[in-house]
Amino acid sequence: MLHLGLIAGERSDDRGPREVIDWPTKFDILGSQARHPGLAAFYGAGVVSPDTPLTEVPMVAIDLETTGLDPECDEIVSIAALPLDLQRIRASETRQWIVKPRAELNEQSITLHGITHAQVTDAPDLLALVDDLLRVFARHVVVVHCREVERAFLRCAFRQRIGEPIEFPMIDTMAIEAGITRRRKPGLLARLRGQRPPSLRLADCRARYGLPRYRPHQATSDALACAELLQAQVAQHLAAETPVGALWW
Amino acid sequence: MQIEQLEILDFLRLHPPCSELPEEALRRVAAATDVRYFKAGTQILAFGQAAEFWHIVRSGAVEIFRRSGTLYNQLTEGGHFGEFGLLRNKRVRFPAKALEDTLLYLVPEAVFTELFETVEQFAEWVEVEDRSRLRQVVSRHEGASPLMTATVANLVGRPTVVLDAGASATEAARHMCEHGVSSLLLTRAATPADERPKVVGIVTDRDLRSRLLASGRPGSTPVSEIMSGNLISVQHNQLVFEAMLSMLRHHVQHLPVMRGGQPVGVITQSDIIHYESRNSLFVVGNILRQTSVDDLAAMLPDVRACFTRMVAEDANSRMIGSAMSVIGRSFKQRLLELAEAELGPPPVGYCLLALGSMARQEQTIVTDQDNALILADDFDPRLHDAYFERLARFVCDGLARCGYEYCKGGVMATNRQWRRPLRQWEACFSEWIERPTPQSLLDSNIFFDLDSVAGTGEWAATLREHVAGKAKGNAQFLACMARNALLRTAPLGFFKEFVVESDGQHTKGINIKRRGTAPLADLIRVHALAVGSTARNSFDRLNDVIDAGILPQGRGPDLHDALEFIAMVRIRHQAADLAAGREADNSIEPEALSDFERRSLRDAFQILANAQKFLKYRYQPGRAG
């Protein structure tokens, strides 16, 4: 997934200590309000408590490919998801859904994620996939690289299809990387000399951990790349006992 | 829809053994593979834990250990581990640790086992017994050699020279002069734009002479009128032998070599004669015909060509080793004859000894001269030594000019110490064997490989019998010899562009003789002495040792394979040096080794290391033989 607009600047909510979001309680409330049965079941399945050590948290890394960058008018064309925990990335359980967008597929995005008109024309509408998606996400903490974009697109797509948005906790490898690099931020002098803060693009983050270069803008590869990055970040900089609440949004 | 990860599939496709899998099996593996990241320094597998996966290194580096904690291997991208435990009792046998930040691919046990049982090449590759894998490598090579006889393509030295058949005889002659060739292929294009014109004939020096000049025809005669139109040719993959028969049968001296309907060159009778002259028999014959040291020294290119030819024809190390030793002996024999012609007949009888690799018939192209003289027992130094001093000087200086470097340790007949009567030699060997010290045996090690080159050959045999009789059962002597045989060890293997030592240190390159063939020969010599063998060649000695039944089951053939493989790597490396115009040597740079060579060398080094452990155990001081 591409997220050019958000890469250069820092995000205000990544700074400093923050209040831990109580997702289990949020799920209780959302569950009681949900009208769509699949969505109600999703919330009803619950979520781990914020003090669960990361090493015990079931996660699912996801990536979306879209027709553009604006969640209000662009559409999802492909979703990939693969389960992981700190012990193993279950690449063997990778799922991918090709989705027929309600808007036109433009030439640029075709070249980007290699999905063709033909594939999309034969694909189902996201509405037909909602239950399947929700079952894969249920009881898992979602891992993404750059949560704002993924979250906005999913909310929008759900609202358009089932008339209500979807909310769930996300671990964001980009936010983790921003926190790590901020700790090693160059001093004033270095900044005056023109040193720029390190890039937070997925490929650049991975390179810092010695992770191999994968082809970009391919949902399954990006989801795998994101999962590997999370394991590397935890191995290098975070304790496996870190409570999940400190990382989720 | 559940799908395989393209990144995983593409990676597996590039690295053996998965690269050898059929497409459908490869996709099955890729779809079943999971992933995990390990930070440098973290434990990946602990001894005895359940073995659930076969591991492939996607990026980074991993160290594998023995149970004892000693290093077993270092792996980089594409390396794999964990097969041992999966194939045995499903418990981890070799612990593993991340040497660098590492990304691993995990293939579930069930998928691995299925591949192992159904895909033969896969099973062969991951077969955990290093020794049986090397056996396959060596026997495959042995099996291949009789089939790999030289083809005419080896003789084609220059690109084909062609001319349009419409040219005149003068133009043809001029074209031949310009290119310095004695024949010309004539072509005719079907259309003006024809890229591959058809060869319609050949014209040679002889045709110009007999069909043009002798017939009094003018130079303007079309070359097509004097050419031979009925073209006799050979295919590029025919044997040299067949080309020779074809020339004899058709009374032609030039044969176009064709490949896919197009000429790739022309071979001549002199090409064949030249090629055959690199046969070791011809080289030996030529050496014995030379009449001066200068002429002998001029044989060096032929000797090298003979060596590279044998390597190219896939001869095994034993064939090459004996051929090079015979050539070395011939130089010595001819030099002795030339010396006697200059110095007069010897005052008393003598025997020139070859020592070390020449005596073992394991010479390569990089070798120094190790020799000594046995003199008749009526030798009187005051009367006779000046003659033998000059004789030895003549031979050793001559050898140095013929490419055999002086021995750095001074083990040469020019050294007074190594010119002695037979009786003194016997006393000398008795002293070494009966009162051994590690130092005295280190210095005298080379004398335990001896062979006669010229003169009274029985004396060399007498000495060998003397040594064999005294050494066998002499525990103290054998213990000293064994101790010395452990001084040089093999490295553990290779890692990126480095050699990995057994303590995990990395070095730039290795001397394959010092770290491979020499310690193997040393080790085999100790066993041979212990069983009273009088054989000289390491393979012959090994057979005697195997027959004596002192090695654990299967270890003898393993040693044979290890010696053969390491020796061939050394020989091929030297041939490659010569082909590239470099000075040949014994040092091997890891980057020059193929994956296959690295892997098989590692197996061979492992066999050497295990054999050294056994040697140490078997010949402990004080232990009864």
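Residues numbered from 1 in each chain as written. Chains lettered and ligands numbered in written order. Predicted model: local features only at pLDDT ≥ 70, side-chain atom pairs only at ≥ 80, totals over all residues. Heavy atoms only, no water.

## Examining the overall build of chain B
At step 1: The helix and strand tally for chain B stands at 24 helices and 23 strands.
At step 2: Projected onto its principal axes, the C-alpha coordinates of chain B cover approximately 100 × 95 × 35 Å.
At step 3: With 625 residues in all, chain B has 53% of them scored as buried.
At step 4: Across chain B, the fraction of contacts at a sequence separation of at least 24, relative to all contacts at a separation of at least 6, is 70%.
At step 5: As displayed, chain B offers around 27,700 Å² of accessible surface, 51% of which is attributable to carbon and sulfur atoms.
At step 6: Computed over 71 positive and 77 negative side-chain charges, the separation of the two mean positions in chain B equals 3 Å. (Helix = DSSP H or I, 4+ residues; strand = E, 2+ residues; numbered from the N terminus. Buried < 20%, exposed > 50% of the residue type's maximum accessible area, 1.4 Å probe, protein only. Contact = heavy atoms within 4.5 Å. Areas by Shrake-Rupley, 256 points an atom, 1.4 Å probe, with all protein chains shown as cover. Lys, Arg positive; Asp, Glu negative; His and termini not counted. Charge placed at Lys NZ, Arg CZ, Asp CG, Glu CD.)

## Description of the overall build of chain A
At step 1: When its secondary structure is counted, chain A shows 11 helices and 5 strands.
At step 2: Here the contacts in chain A between residues at least 6 apart in sequence split such that 73% fall between residues at least 24 apart.

## A look at the packing of aromatic side chains
At step 1: Under the definition given, this model contains 30 aromatic pairs over all chains.
At step 2: A ring pair is formed by B:Trp418 and B:Phe447, whose centres lie 4.4 Å apart and whose planes are at 45°; its orientation type is tilted. Linking B:Trp418 in the loop between helix 16 (381-401) and strand 17 (419-421) with B:Phe447 in the loop between helix 18 (438-444) and strand 18 (450-455), this pair joins segments that are 29 residues apart in sequence. Residues B:Trp418 and B:Phe447 agree in their burial class; the two are buried.
At step 3: Following the ring pairs from residue to residue traces out a cluster consisting of B:Trp418, B:Trp425, B:Phe429, B:Trp432, B:Phe447, B:Phe448 and B:Phe477.
At step 4: Sitting above the plane of the A:Trp249 ring, A:Arg147 keeps its charged end 3.8 Å from the centroid.
At step 5: Taking the ring centre of B:Trp425 as reference, the NZ or CZ of B:Arg420 above it sits at 5.5 Å. (Phe/Tyr/Trp six-rings, centres within 6.5 Å; stacked < 30°, edge-to-face > 60°. Lys NZ or Arg CZ within 6 Å of the ring centre and 35° of its normal.)

## A closer look at the side chain of B:Ser430
Residue and element names in this part refer to chain B.
At step 1: For Ser430, the location among the structural elements is in helix 17 (residues 422-434).
At step 2: Of the polar contacts made by the side chain of Ser430, one reaches the side chain of His466; its length is 3.0 Å.
At step 3: The contacts of Ser430, once residues within four sequence positions are left out, are Arg435, His466 and Lys470. (Polar contact = N/O pair within 3.5 Å; in protein donor to acceptor, adjacent residues only side chain to side chain.)

## Let's talk about the sheet that holds strand 13 (residues 254-259) of chain B
All names here are of chain B.
At step 1: A sheet is described by the order of its strands in space; here 3 strands give the open sequence 12-13-14, paired in mixed fashion. Of all strands in the sheet, those with a lone pairing partner are strand 12 (234-235) and strand 14 (262-268), marking the two edges.
At step 2: Pairing geometry for strand 12 and strand 13, over 2 bridges, is parallel. For Val234, the partnering residue across the bridge sits in strand 13 and is Val257. (Pairing = 2+ DSSP bridges.)

## Focus on the layout of surface pockets
All names here are of chain B.
At step 1: Within this model, the largest pocket holds a volume of roughly 1,200 Å³.
At step 2: Lining the largest pocket we find 42 residues, and of these Asp368, Ile446, Arg488, Lys513 and Ala518 sit closest to its centre.
At step 3: For the lining of the largest pocket, the element with the most residues is helix 21 (residues 512-530), which contributes 7 residues.
At step 4: In terms of residue class, the lining of the largest pocket is built from 13 nonpolar, 14 polar and 15 charged.
At step 5: Residues lining the lining of the largest pocket come from more than one domain, with at least three contributed by each of domain 3 (321-470) and domain 4 (480-618). (1 Å grid on protein atoms, 1.4 Å probe; cavity = no way out; pocket = protein on both sides within 12 Å on 5 of 7 lines; lining within 4 Å. Points joined across faces, edges and corners; volume = space filled by probe spheres on them. Nonpolar A, V, L, I, M, F, W, Y, C, P; charged D, E, K, R; others polar. Domains from an automatic or database assignment.)

## Some words on a negative patch on the surface
All names here are of chain B.
At step 1: Together, Glu497, Asp585, Glu589 and Glu591 make up a region of like negative charge exposed at the surface.
At step 2: Along the chain, Glu497 turns up in the loop between strand 19 (493-495) and strand 20 (498-500).
At step 3: Judged by relative accessible area, Glu497 falls into the partly exposed class, the value being 33%. (Patch = residues over 30% accessible without salt bridge, like charges linked within 9 Å, V, L, I, M, F, W, Y side chains within 5 Å. Salt bridge = Lys/Arg side-chain N within 4 Å of Asp/Glu carboxyl O.)

## Side note on the interface of chain A and chain B
At step 1: On the side of chain B, 23 residues touch chain A, which itself brings 27 residues to the contact.
At step 2: Across the chain A to chain B interface the summed buried area is about 2,300 Å²; carbon plus sulfur atoms make up 47%.
At step 3: Linking chain A with chain B are 3 salt bridges.
At step 4: Our count for the chain A to chain B interface comes out at 14 residue pairs in polar contact (both at pLDDT 80 or more).
At step 5: A per-element tally of the side of chain A that touches chain B places helix 11 (residues 219-237) of chain A first, with 8 residues.
At step 6: Split by residue class, the side of chain A that touches chain B holds 11 nonpolar, 9 polar and 7 charged. (Buried area = accessible area lost by both parts, 1.4 Å probe.)

## Some words on the domain arrangement of chain B
At step 1: Segmentation of chain B into domains returns domain 1 (6-129), domain 2 (154-269), domain 3 (321-470) and domain 4 (480-618).
At step 2: Computed from C-alpha coordinates alone, the two centres of domain 2 of chain B and domain 4 of chain B are separated by 51 Å.

## Description of empty space enclosed by the protein
Residue and element names in this part refer to chain B.
At step 1: Counting across every chain of the model gives 8 cavities of 30 Å³ or more.
At step 2: Taken as a whole, the largest cavity holds about 140 Å³ of empty space.
At step 3: For the lining of the largest cavity, the elements supplying multiple residues, two or more each, are helix 19 (458-471) and helix 21.
At step 4: Here the lining of the largest cavity takes 4 residues from helix 19, the largest share from any one element.
At step 5: The residue makeup of the lining of the largest cavity, split by class, is 9 nonpolar, 2 polar and 5 charged.
At step 6: Looking at the lining of the largest cavity, you find at least three residues from each of domain 3 (321-470) and domain 4 (480-618).
At step 7: Residue lining of the second largest cavity: His527, Leu551, Pro552, Arg555, Asp558, Leu559, Ile607, Asn610, Ala611 and Phe614, and that is the complete set.
At step 8: Sorting the residues of the lining of the second largest cavity by element identifies helix 23 (555-579) and helix 24 (595-618) as the ones contributing at least two each.
At step 9: Of the residues in the lining of the second largest cavity, the class split is 6 nonpolar, 2 polar and 2 charged.

## Some points on the pattern of salt bridges
Residues and elements named next belong to chain B.
At step 1: All told, the structure shown has 44 salt bridges over all chains when counted by the stated rule.
At step 2: Here Lys90 and Glu109 are joined by a salt bridge, their closest N and O atoms 3.4 Å apart. Taken together, the positions of Lys90 in the loop between helix 3 (83-87) and strand 7 (96-98) and Glu109 in helix 4 (residues 109-118) put the pair 19 residues apart, joining distant regions of the chain.
At step 3: Residue classification places Glu109 among the partly exposed positions, given a relative accessible area of 21%.
At step 4: Across the pair Asp451 and Arg536 runs a salt bridge whose closest N-O atoms are separated by 2.9 Å. With a gap of 85 residues between them, Asp451 in strand 18 and Arg536 in the loop between helix 21 and helix 22 (538-548) connect regions that are remote in the sequence.
At step 5: The network of salt bridges with shared partners includes Arg360, Glu362, Asp449, Arg488, Asp522, Arg525 and Arg541.

## As for the sheet that holds strand 21 (residues 506-507) of chain B
Residue and element names in this part refer to chain B.
At step 1: Within the open sheet, the 3 strands sit side by side as 19-20-21. Their pairing is antiparallel. Where the open sheet ends on each side, the last strands, each with one partner, are strand 19 and strand 21.
At step 2: As defined by bridge partners, strand 20 adjoins strand 21 across 2 bridges and the pair is classed as antiparallel. For Val499, the partnering residue across the bridge sits in strand 21 and is Thr507.

## Quick look at unusual backbone geometry
Residue and element names in this part refer to chain B.
At step 1: In this model, Pro16 is joined to Pro17 through a cis peptide bond whose omega is 5°.
At step 2: Relative to the helices and strands, Pro17 resides in the loop between helix 1 (6-14) and helix 2 (23-32).
At step 3: Even without being glycine, Lys90 reaches a positive phi, approximately 65°.
At step 4: The exposure class assigned to Lys90 is partly exposed, which follows from its relative accessible area of 34%.
At step 5: Phi at Gln361 is positive, roughly 60°, even though this residue is not glycine.
At step 6: Mapped onto the fold, Gln361 is located in the loop between helix 15 (357-360) and strand 16 (371-375).

## A closer look at the environment of B:Leu186
Residues and elements named next belong to chain B.
At step 1: Residue placement: Leu186 occurs in strand 10 (residues 183-188).
At step 2: A sequence separation of 29 residues divides Leu186 from Ser215, and the C-alpha atoms of the two residues are 21 Å apart.
At step 3: Filtering out sequence-adjacent residues up to four positions away, Leu186 remains in contact with Leu163, Asp164, Ala165, Lys198, Val199, Val200, Gly201, Ile202, Val203, Val223 and Met227.

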